[in-house]
Amino acid sequence: MSDWIGLAVILLLVFGGVYGLSYLGAPRRPITEEEFEKRVREAPPGLSAGVIGLQKILEPGVAKAIAVQQDFRAGHLDKKQVSGEGDEAGAASENRTNTEE
C-alpha cells in the first residue's frame, strides 16, 4: 500500500512540475495603458524604498550613484555649477561672438 502512496506523490510532483513549467512558459497577455497606469499608481512605494536601502548596504557604490542622480534632477551638473547659473563655457562663447561683431 505504501508503494502506491509513494508512486502517487511522485506522479503528483511530476505533473505539478510539468504544469508549472507550462504556465511559466505561456506568453503573457498584453495590458492596456490604463491598466499599466493603474498598477503603477497602486504599487507600494515603500517596497522600492526598501530595495534601495538594501542596495545601499550591499553595494557601496549605489549610495554615490543615487546622490549623483539626485544632483542631476536638482540641476547640479557638477560641483562647480550652482543651480540657476548658466554654463560657463556657453557664456564665454557668447562673449566671444559679441566682441567679434
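Residues numbered from 1 in each chain as written. Predicted model: local features only at pLDDT ≥ 70, side-chain atom pairs only at ≥ 80, totals over all residues. Heavy atoms only, no water.

Draft legend 1. Structural context of the overall build of the chain. Helices and strands together make up the secondary structure of the chain, namely 5 helices and 0 strands. Shown N-terminal to C-terminal, the secondary structure of the chain runs as helices and strands in the order α-α-α-α-α. Across the 101 residues in the chain, those meeting the buried criterion constitute 3%. (Helix = DSSP H or I, 4+ residues; strand = E, 2+ residues; numbered from the N terminus. Buried < 20%, exposed > 50% of the residue type's maximum accessible area, 1.4 Å probe, protein only.)

Draft legend 2. Region of interest: helix 4 (residues 60-74). For helix 4, with 15 residues, the first-to-last C-alpha span of 22 Å sits near the 21 Å given by 1.5 Å per residue. A positive backbone phi angle near 100 degrees is found at G75, which sits one or two residues after helix 4. (Expected span 1.5 Å × (residues − 1).)

Draft legend 3. Molecular detail of the pattern of salt bridges. Counted by the stated rule, this structure contains 2 salt bridges. With a shortest N-O distance of 3.4 Å, E35 and R29 are connected by a salt bridge. Among the residues examined, E35 registers a relative accessible area of 23% and is labelled partly exposed. According to the relative accessible area criterion, R29 is exposed, its value standing at 57%. (Salt bridge = Lys/Arg side-chain N within 4 Å of Asp/Glu carboxyl O.)

Draft legend 4. Quick peek at a nonpolar patch on the surface. Taken together, the side chains of M1, I5, V9 and L13 present a nonpolar region at the surface, about 480 Å² in accessible area. Among the structural elements, V9 can be located in helix 1 (residues 2-25). For V9, a relative accessible area of 44% translates into the label partly exposed. (Patch = residues over 30% accessible without salt bridge, like charges linked within 9 Å, V, L, I, M, F, W, Y side chains within 5 Å. Areas by Shrake-Rupley, 256 points an atom, 1.4 Å probe, with all protein chains shown as cover.)

Draft legend 5. How the structure looks around the confidence of the model for the chain. Averaged over all residues, the pLDDT of the chain equals 76, while 71% of them reach at least 70. Across the chain, the secondary-structure element scoring lowest on mean pLDDT is helix 5 (residues 88-100), at 50, and the one scoring highest is helix 1, at 93. Contacts of residues 95-101 to residues separated by more than four positions or lying in other chains number 0 contacts, the stretch itself having pLDDT below 50. (pLDDT = per-residue confidence, 0-100. Contact = heavy atoms within 4.5 Å.)

Draft legend 6. Broad picture of the environment of T32. Mapping T32 onto the fold places it in the loop between helix 1 and helix 2 (33-42). According to the relative accessible area criterion, T32 is partly exposed, its value standing at 43%. Polar contacts involving the side chain of T32 include one to the main-chain amide nitrogen of E35, which spans 3.2 Å. (Polar contact = N/O pair within 3.5 Å; in protein donor to acceptor, adjacent residues only side chain to side chain.)

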